[in-house]
Amino acid sequence: NYNRDVDAFPSIQRRIRDQFIQYWSEAITTSPKLHQYAKYKISFEFESYLHNIKNDTLRKLMTRFRISCHDLAIETGRYQWIDRNDRICLICNTNVVESEYHFLCICTTYTDIRYKFNIRSVWPNTNKFDSMISSTNRTVQLNIAKFIRDASRRRQEILKEI
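Residues numbered from 1 in each chain as written. Predicted model: local features only at pLDDT ≥ 70, side-chain atom pairs only at ≥ 80, totals over all residues. Heavy atoms only, no water.

### Considerations on the overall build of the chain
Across its full length, the chain holds 9 helices and 0 strands. Mapped from its N terminus to its C terminus, the chain presents α and β elements in the order α-α-α-α-α-α-α-α-α. For the chain, whose C-alpha radius of gyration is 19 Å, the value lies well above the compact-globule estimate of 15 Å for 162 residues. Each of the three principal axes of the chain carries a C-alpha extent, and together these read 75 × 35 × 30 Å. Here the chain holds 162 residues, and 35% of them are scored as buried. Long-range pairs, those at least 24 residues apart, make up 61% of the contacts in the chain between residues at least 6 apart in sequence. Just so you have it, the chain exposes about 10700 Å², and 53% of that area is on carbon and sulfur atoms. (Helix = DSSP H or I, 4+ residues; strand = E, 2+ residues; numbered from the N terminus. Rg over C-alpha atoms; globule rule 2.2 N^0.38 Å. Buried < 20%, exposed > 50% of the residue type's maximum accessible area, 1.4 Å probe, protein only. Contact = heavy atoms within 4.5 Å. Areas by Shrake-Rupley, 256 points an atom, 1.4 Å probe, with all protein chains shown as cover.)

Following this line, the structure appears as structure tokens:
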């Protein structure tokens, strides 16, 4: 009987893990706050950027950006009950929603910073954004984190003047 009980533990552990992953997946895909995160966080595994980005400040910036814990209009508008489509970027004159995608790939205010950290695409789109933000390449991860740092600083300076 003892051997039979010991053999059951791995299958019980697997079952508990599988149930948790199912719960986790459903929780992030149905949460409005995690709308963007659910697009590129598709597997329950350790994220390589957590190991690859050694600088605590940059790693935290990347984490906050990925989970929408930032001060872009797409997030702050949630707390002000502003319709999603009305959370417009105040930094540029394109009259579009200030989302993570817009901030990282589109906003013309940060073009030089994007160029500095080699974050550019001839035809930026959400699929390329998702691919970039979920990259396991250390250089790409570090460049995105540095872009977030520098662009956020510029954004804060501009907003102080408005």
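### Things to note about the confidence of the model for the chain
With 95% of its residues at a pLDDT of 70 or more, the chain has an overall mean of 90. Mean pLDDT across the secondary structure elements of the chain bottoms out at helix α1 (residues 2-30), with 81, and peaks at helix α9 (residues 138-161), with 97. (pLDDT = per-residue confidence, 0-100.)

### Some words on the nonpolar core
Leu104 and Phe147 are the most contacted members of the largest nonpolar core, which totals 34 residues. Within the residue set of this core, elements represented by two or more residues are α1, α2 (37-40), α4 (56-66), α6 (100-106), α8 (126-133) and α9. Here the element with the most residues in this core is α9; it accounts for 6 residues. (Core = buried A, V, L, I, M, F, W, Y, C linked by side-chain atoms within 4.5 Å.)

### Points about the environment of threonine 63
Tracing the backbone through its elements, the reader meets threonine 63 in helix α4. Threonine 63 sits in the partly exposed class, given a relative accessible area of 24%. For the pair threonine 63 and glutamate 47, spaced 16 residues apart in sequence, the C-alpha to C-alpha distance is 9.9 Å. Beyond its immediate stretch of four places on either side in the chain, threonine 63 contacts Tyr49 and Leu50.

### Re unusual backbone geometry
The phi angle at serine 68 is positive, at roughly 60°, despite the residue not being glycine. Relative to the helices and strands, serine 68 is located in the loop between α4 and α5 (73-79). Note on serine 68: relative accessible area 3%, which makes it buried.

### Observations concerning the pattern of salt bridges
Opposite charge on two side chains permits pairing when their charged atoms draw close. For the structure shown, the criterion picks out 9 salt bridges. Here arginine 155 makes a salt bridge to aspartate 71, at a shortest N to O gap of 3.2 Å. Taken together, the positions of arginine 155 in helix α9 and aspartate 71 in the loop between α4 and α5 put the pair 84 residues apart, joining distant regions of the chain. Two residues, arginine 154 and aspartate 112, come together in a salt bridge whose shortest N-O distance is 2.6 Å. Placement of the pair is arginine 154 in helix α9 and aspartate 112 in helix α7 (residues 111-116), with a sequence separation of 42 residues. Residues joined by salt bridges that share partners form a network here, namely Lys41, Glu47 and Arg66. (Salt bridge = Lys/Arg side-chain N within 4 Å of Asp/Glu carboxyl O.)

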